[in-house]
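The lines below spell out each chain.
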Amino acid sequence: MEGRICCICGDKNITDKNTLKEIYDIMSALVQYGGVTTFYSEHLTDFDIICEMMVLSLKKRFRHLKLCVVMHYVTAMHPPKLPPYFDKLIVPKIMDEKSLKAIKYFIVNRSDCMIAYVEDKKSDVYKMLRYARKIGMFVCQCNI
């Protein structure tokens, strides 16, 4: 079943229970009504991991969901390993000094919507969010 892709990205950890519930409800609505079947995560921050756990919870109700990790650093010394709960490992073929930034745009360009949590307007996540809005992507920003 092909569907829409939602990328999840955030600066830090969230502990506010209302915000966590809001994010879970947004994810659920995107799956039920927005046609989202796949979530992309960079698996870098506590926010990413919290959202991954939410997707795993949603997979109990929506068995067709996929959770994919986009790996940044892949070399002969650091071969890609799929974390156990991910359905797919994505390794962009972008390897240069600007690869981290390029991978962030890779994720946004291959997604249909974004759930973002930004605490710092100087962060890469904020830049991703601004870029997503610039290209007309549906963005759910959970703060600022």
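Residues numbered from 1 in each chain as written. Predicted model: local features only at pLDDT ≥ 70, side-chain atom pairs only at ≥ 80, totals over all residues. Heavy atoms only, no water.

Asker: Requested: an account of the packing of aromatic side chains, with residues and values cited.
Answerer: By the definition in use, this model includes 3 aromatic pairs. Ring centres of Phe 47 and Tyr 117 lie 5.7 Å apart, and the angle between their planes is 10°; on these two criteria the pair is classed as stacked. Here the residue Phe 47 occupies a position in helix α2 (residues 46-61), and Tyr 117 occupies one in strand β5 (residues 113-117), the gap between them amounting to 70 residues. For the ring pair Tyr 85 and Phe 86, a centre distance of 4.9 Å and an interplane angle of 25° mean the geometry is stacked. (Phe/Tyr/Trp six-rings, centres within 6.5 Å; stacked < 30°, edge-to-face > 60°. Helix = DSSP H or I, 4+ residues; strand = E, 2+ residues; numbered from the N terminus.)

Asker: Explain the nonpolar core to me, using residue names and the numbers behind them.
Answerer: Ranked by internal contacts, the top residues of the largest apolar core, which has 25 residues, are Cys 6, Ile 23, Met 27, Leu 30, Phe 39, Phe 47 and Ile 115. Listed by contribution, the elements that provide at least two residues to this core are β1 (4-10), α1 (17-34), β2 (36-41), α2, β3 (66-70) and β5. With residues up to four places along the chain from it excluded, the contact list for Ile 115 reads Cys 6, Cys 7, Ile 8, Cys 9, Ile 23, Ile 26, Met 27, Leu 30, Phe 47, Cys 140 and Cys 142. Among the nonpolar cores identified, the runner-up in size contains 21 residues, and Ile 5, Cys 9, Val 125 and Ala 132 belong to it. (Core = buried A, V, L, I, M, F, W, Y, C linked by side-chain atoms within 4.5 Å. Buried < 20%, exposed > 50% of the residue type's maximum accessible area, 1.4 Å probe, protein only. Contact = heavy atoms within 4.5 Å.)

Asker: If you had to explain the pairing of β3 to someone new, which residues and values would you point to?
Answerer: Summarising burial for β3: 4 of the 5 residues are buried, a large majority. With 4 bridges joining them, β2 and β3 adopt parallel strand pairing. Looking across to β3, one finds that Phe 39 is bridged to Leu 67. Following the chain from β2 across α2 to the adjacent parallel β3, one finds a crossover that is right-handed. Strand direction decides the pairing type here: β3 and strand β4 (residues 88-90), joined by 3 bridges, are parallel. The residue bridging Val 70 from the neighbouring strand is Ile 90, located in β4. (Pairing = 2+ DSSP bridges. Right-handed = clockwise from strand over helix to strand, strands pointing away.)

Asker: Can you explain α1? Please cite residues and give values.
Answerer: Because an α-helix packs 3.6 residues into every turn, residues spaced three or four apart end up facing the same way. Helix length check: α1, at 18 residues, gives a terminal C-alpha distance of 24 Å against a target of 26 Å (1.5 Å per residue), a fit within 8%. Turning to α1, its buried residues are Thr 19, Ile 23, Ile 26, Met 27, Ser 28, Leu 30 and Val 31. In this structure, the buried residues of α1 make contact with β1, β2, α2, β5 and β6 (138-141). Following α1 by one or two positions, Gly 35 has its phi on the positive side, about 75°. (Expected span 1.5 Å × (residues − 1).)

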